[in-house]
Number of protein chains: 2
Amino acid sequence: MTQSNNLLLVRAARGERTERTPVWLMRQAGRYLREYQALRQQYGFMEICRQPELAARVSLLPWQAFEPDGVVMFSDIMFPLSGMNIEFSLEDGGPKVAQPVRTLADTQRICELPQLDDCVVCVQQLIQHLKTELAGRAAVIGFAGAPFTLATYLVEGQKSQELEIIKRLMYTQPEVLKALLQKLTDSLITYCQAQADAGADVLQLFDTWAGMLSTPDYERWALPYQQQVFSALKNKLPTLLFVRAATGYLELLKLSGAGCISLDWRIEIPKARAILGADFPVQGNLDPAVLLGDIKHVEAETKRLIAAGGHRGHILNLGHGLLPSTPRENVQRFIEISKTHTV
Amino acid sequence: MTQSNNLLLVRAARGERTERTPVWLMRQAGRYLREYQALRQQYGFMEICRQPELAARVSLLPWQAFEPDGVVMFSDIMFPLSGMNIEFSLEDGGPKVAQPVRTLADTQRICELPQLDDCVVCVQQLIQHLKTELAGRAAVIGFAGAPFTLATYLVEGQKSQELEIIKRLMYTQPEVLKALLQKLTDSLITYCQAQADAGADVLQLFDTWAGMLSTPDYERWALPYQQQVFSALKNKLPTLLFVRAATGYLELLKLSGAGCISLDWRIEIPKARAILGADFPVQGNLDPAVLLGDIKHVEAETKRLIAAGGHRGHILNLGHGLLPSTPRENVQRFIEISKTHTV
């Protein structure tokens, strides 16, 4: 592969017309891969995150298998919290936080992420490893959880479907949530800038759970903190924002300052662009469950998506993370189709 | 109260301008009420559903407490399945189906709901009790689960967040899902028509989980079956449709033939009407979690919603079901505000 292929994903993230539609998959290095399952017999999830060489090896598994246009660093959105005096564990059902944050005193226990914290150094080394290994053949994708989404885990103490605890906090003690979100924002700026400085080609912010908010709550509790993060990255690298189930206020996602919006699967690309602007860069948005099914249906839907993106400012991806039970051959076909469909 | 007040909710469901905005709450008879909790010490959930007098007593608890404009029958969307040779139980985590439906043979085990099945007779008696008790002071609201949403429980075997099993079925054995959905549709038509014939003033169809589908999948697996149900009710009573998280394709909800769309909380009413039509009747859509919080915030948001609805074709409600931990006084205030805000 050549240097220009290398940057295909970056060019699409900037809204350029591309000779073919670049592709990667959220959660592409994970449980659906035998090689990953084998490594997890030896190492815990956080053990992998804490060892840059090992994390690089895991990040590169999908590259070795399928050569997608982007290699996302293997980590977890909770990782930077380890430098903020927050104790948590990662289990199969999602993160568990030892002492949930629900009072001002709780927020004061949290410290701002130091610039040379172990987790910052670790993520920088991981990105440097990936840059060296890939040598321009694919984009290195950094990422972070957005303030609101990280706050949901910190306040709820675990993954929650309805977010009752954080919403109650929002409506009864807004000052507590504000203090928490600002501490997270300041730390995330450090964490994201470090990724950019280490050479990440693009960075995706995951505000997965912000799509559980009403429009006024999104405007108050998600948007301003996203804006601070994207503003701090403005001249550093192209950025992407993913929010799940935010099809009721897509125009607010654009206001975040993200350069590209990663779409949930529940809106068609042309309709999203009618809201975001005809030229606005988008990523997505195959229903991850399509990859569980028949390969002919995978092919048909993938081709339909590529056509909808029009080979312009479109990064082919899923509308949410890859499901663990996905057959490997369907991932392979999804990527192959993007590679063979040229303008 | 007078006969005209009685019909306020029906008039709003038909799109009329109303002197004030009628109100009820999805799941208004339930765990947040002490009286309900006390009854549940004595009776199981399904025991209540199976006894029309007892179910009427539970349905009327919120009426006795707050006098909303609509009294929804106390039942469960799974209830008609008891007449279709499907064995299930209702637990705190949602329904559990004894033998999930995943093959053509499984669909053949299911029988069409007989017109005089016990559950049909029971739901008719329940509605008749409510009509008698309320004597025109509030609308009697019937309901049913839509075919796709009922199929999610039947195929998954329980509540599922990602719907992996039914989606895999959809993409690998579409003929199985088609057979199941058509059997459900035929039975639901019987079940819904029976409610109308018994005197229900309006009927709401819950296709809660259809909002997990992409646009083409919604068009194929949810919409045609909703259309059959609404078509069979067309000349019988005003109808409402609720789908959670369907803000990416609201225009398809209108195509169902439902007379009124019950909106999720994640879209503003004026924006929804820009899609549905300026005069289209809508219901909703306060985030149920708002009722967990400060009463001043409840008041402000309720007033904002009423103003957004413009006292025309608007039924005030939540954007999803009432949360069990909701304080009673917040429910009371929500209803009071709608009663005191006249044009």
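Conventions adopted
Residues numbered from 1 in each chain as written. Chains lettered and ligands numbered in written order. Predicted model: local features only at pLDDT ≥ 70, side-chain atom pairs only at ≥ 80, totals over all residues. Heavy atoms only, no water. Least-squares fit on C-alpha atoms with pLDDT ≥ 70 in both. Contact = heavy atoms within 4.5 Å. Phe/Tyr/Trp six-rings, centres within 6.5 Å; stacked < 30°, edge-to-face > 60°. Helix = DSSP H or I, 4+ residues; strand = E, 2+ residues; numbered from the N terminus. Buried < 20%, exposed > 50% of the residue type's maximum accessible area, 1.4 Å probe, protein only. Salt bridge = Lys/Arg side-chain N within 4 Å of Asp/Glu carboxyl O. Pairing = 2+ DSSP bridges. Axes fitted to C-alpha atoms, helices over the stretch in contact; angles between N-to-C directions. Polar contact = N/O pair within 3.5 Å; in protein donor to acceptor, adjacent residues only side chain to side chain. Buried area = accessible area lost by both parts, 1.4 Å probe. Nonpolar A, V, L, I, M, F, W, Y, C, P; charged D, E, K, R; others polar. 1 Å grid on protein atoms, 1.4 Å probe; cavity = no way out; pocket = protein on both sides within 12 Å on 5 of 7 lines; lining within 4 Å. Points joined across faces, edges and corners; volume = space filled by probe spheres on them.

**Overview of the relation of the copies chain B and chain A**
Okay, so step 1: The two copies are related by a screw motion: chain B maps onto chain A through a turn of 180° and a shift of 0.0 Å along the axis, at an RMSD of 0.0 Å. On this basis, the relationship between the two copies can be described by a two-fold rotation axis. Taking the C-alpha atom as reference, chain B places T247 of chain B closest to the rotation axis, 2.8 Å from it.
Okay, so step 2: Interface overlap between copies is the fraction of interface residues in one copy that are interface residues in the other; for chain B against chain A it reaches 100%, indicating a shared surface.

**Digging into the packing of aromatic side chains**
Okay, so step 1: Counted according to the given criterion, the structure contains ten aromatic pairs over all chains.
Okay, so step 2: On the basis of an interplanar angle of 40° and a centroid distance of 4.7 Å, the ring pair of Y218 of chain A and Y249 of chain A is categorised as tilted. One end of the pair, Y218 of chain A, is in helix α11 (residues 215–221); the other, Y249 of chain A, is in the loop between β6 (239–242) and α13 (250–255), with 31 residues separating them in the sequence.
Okay, so step 3: Y249 of chain A sits in the buried class, given a relative accessible area of 0%.
Okay, so step 4: Taking 5.6 Å as the distance between ring centres and 50° as the angle between the ring planes, the aromatic pair formed by Y36 of chain B and F74 of chain B counts as tilted.

**Concerning the pattern of salt bridges**
Residue and element names in this part refer to chain A.
Okay, so step 1: This model, assessed by the stated rule, comprises 32 salt bridges over all chains.
Okay, so step 2: R328 is the partner of E35 in a salt bridge, and the nearest nitrogen-oxygen pair spans 3.1 Å. Taken together, the residues span a long stretch of sequence, with E35 in helix α3 (residues 34–42) and R328 in helix α16 (residues 328–340) at a distance of 293 residues.
Okay, so step 3: As a salt-bridge pair, D201 and K131 come within 3.0 Å of each other at their nearest N and O atoms. Here D201 is found in the loop between α10 (174–198) and β5 (202–206), whereas its partner K131 is found in helix α7 (residues 118–134), with 70 residues between them in sequence.
Okay, so step 4: Among the residues examined, D201 registers a relative accessible area of 16% and is labelled buried.
Okay, so step 5: For K131, a relative accessible area of 33% translates into the label partly exposed.
Okay, so step 6: Three or more residues are tied together by salt bridges with common partners; here these are R11, E16 and E19.

**Here we look at the sheet that holds strand β1 (residues 70–72) of chain B**
All names here are of chain B.
Okay, so step 1: Pairing in this open sheet of seven strands is parallel, and the strands run β1-β4-β5-β6-β7-β8-β9 from one edge to the other. The open sheet has two edge strands, β1 and β9 (314–318), and neither has a second partner. With direction set aside, neighbouring strand axes in the sheet form an average angle of 25°.
Okay, so step 2: For strand β7 (residues 260–262) and strand β8 (residues 282–286), the ladder comprises two bridges, and the chain directions are parallel. By the bridge assignment, S262 is partnered in β8 with Q283.
Okay, so step 3: Set on the sheet, helix α12 (residues 223–233) makes contact with β5 (202–206) and β6 (239–242); between it and β6 the angle comes to about 165°.

**A word on the side chain of R244 of chain B**
Okay, so step 1: Checked against the element boundaries, R244 of chain B lands in the loop between β6 and α13 (250–255).
Okay, so step 2: Looking at R244 of chain B, the relative accessible area reads 15%, which means it is buried.
Okay, so step 3: Here E162 of chain A takes part through its side chain, which lies 3.3 Å from a polar atom of the side chain of R244 of chain B.
Okay, so step 4: At a separation of 2.8 Å, a polar atom in the side chain of R244 of chain B contacts the side chain of H320 of chain B.
Okay, so step 5: Beyond its immediate chain neighbours, meaning those up to four positions away, R244 of chain B contacts Q161, E162 and M212 of chain A together with D207, T208, G211, D264, W265, R266 and H320 of chain B.

**Re the interface of chain B and chain A**
Okay, so step 1: The interface of chain B with chain A comprises 35 residues on the first partner and 35 residues on the second.
Okay, so step 2: Summing both partners gives a buried area of about 3,100 Å² for chain B against chain A, and 50% of it is carried by carbon and sulfur.
Okay, so step 3: Linking chain B with chain A are six salt bridges, by the criterion used here.
Okay, so step 4: The closest approach of N and O atoms between E251 of chain A and K271 of chain B, which form a salt bridge, is 2.5 Å.
Okay, so step 5: At the surface where chain B touches chain A, the tally comes to 21 residue pairs in polar contact (both at pLDDT 80 or more).
Okay, so step 6: Among the elements of the structure, α9 (164–172), α11 (215–221) and α15 (295–309) of chain B are those that each provide at least two residues to the side of chain B that touches chain A.
Okay, so step 7: Ranked by residues supplied to the side of chain B that touches chain A, first place goes to α9 of chain B with five residues.
Okay, so step 8: For the side of chain B that touches chain A, a count of residues per class yields twelve nonpolar, ten polar and 13 charged.

**Description of empty space enclosed by the protein**
Okay, so step 1: Overall, the coordinates contain three cavities of 30 Å³ or more when judged by the stated rule.
Okay, so step 2: Taken as a whole, the largest cavity holds about 50 Å³ of empty space.
Okay, so step 3: Along its surface, the largest cavity is lined by V243, A245, A246, T247, L250, L253, I261, S262, L263, D264 and I267 of chain A.
Okay, so step 4: Counting only elements with at least two residues in the lining of the largest cavity, the list comes to α13 and β7 (260–262) of chain A.
Okay, so step 5: Of the residues belonging to the lining of the largest cavity, the class tally is eight nonpolar, two polar and one charged.
Okay, so step 6: Lining the second largest cavity are V243, A246, T247, L250, L253, S262, L263, D264 and I267 of chain B.
Okay, so step 7: Considering only residue class, the lining of the second largest cavity consists of six nonpolar, two polar and one charged.

By themselves these figures say nothing about function.
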